[in-house]
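# Descriptive analysis of the structure
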Amino acid sequence: MGEKLLAGLQLMVFGMGMVYVFLIIMIFCMKLMSKIIAPIAAKQKAAEDAAKAAAKKPAAASSDESALVAAAVAAVAARR
């Protein structure tokens, strides 16, 4: 009976050790991905801020507005 208890204890320690190692690897991977993704996120945030700033500008004259609408329609048509 003592052998089974010892084997169970060894299995428990091995299992808990594997979970600990997995968590360490997972934390390392998350930090690495954070460092890789940070510049991309910064560029995206800058683009969003620029878009918001452009949207806050006063409305342009009607000829400029029609040119903008034409450009938007052309972009949508090219995307399809």
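Model, not experiment: these values are computed from the prediction.

To continue, consider the overall build of the protein chain. What the protein chain contains, in helices and strands, is two helices and zero strands. Computed over the C-alpha atoms, the radius of gyration of the protein chain is 29 Å, more than 25% above the 12 Å expected from 2.2 N^0.38 for a compact globule of 80 residues. The principal-axis extent of the C-alpha atoms belonging to the protein chain is close to 90 × 25 × 15 Å. In the protein chain, which comprises 80 residues, the share counted as buried stands at 0%. Between the centroid of the 10 positive side chains of the protein chain and the centroid of its 5 negative side chains there is a distance of 5 Å.

Summed over the entire model, instances satisfying the criterion amount to one salt bridge. Residue Asp49 is joined to Lys45 by a salt bridge in which the shortest nitrogen-to-oxygen separation is 3.8 Å. Placement of both Asp49 and Lys45 in helix H1 (residues 2-56) is noted, with a separation of four residues, approximately one turn of the helix.

Our focus in this paragraph is H1. For H1, built from 55 residues, the straight-helix expectation of 81 Å at 1.5 Å per residue is met to within 8% by its first-to-last C-alpha distance of 77 Å. At Ile37, H1 shows its maximal bend, which comes to roughly 35 degrees, and the proline Pro39 appears one to four places after that position.

Time to look at the environment of Val21. Here Val21 is to be found in helix H1. Its relative accessible area of 43% is what places Val21 among the partly exposed residues. A C-alpha to C-alpha distance of 52 Å links Val21 and Ala77, two positions 56 residues apart in sequence.

Criteria and cut-off values
Residues numbered from 1 in each chain as written. Predicted model: local features only at pLDDT ≥ 70, side-chain atom pairs only at ≥ 80, totals over all residues. Heavy atoms only, no water. Helix = DSSP H or I, 4+ residues; strand = E, 2+ residues; numbered from the N terminus. Rg over C-alpha atoms; globule rule 2.2 N^0.38 Å. Buried < 20%, exposed > 50% of the residue type's maximum accessible area, 1.4 Å probe, protein only. Lys, Arg positive; Asp, Glu negative; His and termini not counted. Charge placed at Lys NZ, Arg CZ, Asp CG, Glu CD. Salt bridge = Lys/Arg side-chain N within 4 Å of Asp/Glu carboxyl O. Expected span 1.5 Å × (residues − 1). Bend = angle between axes of the 7 residues up to and from the residue.

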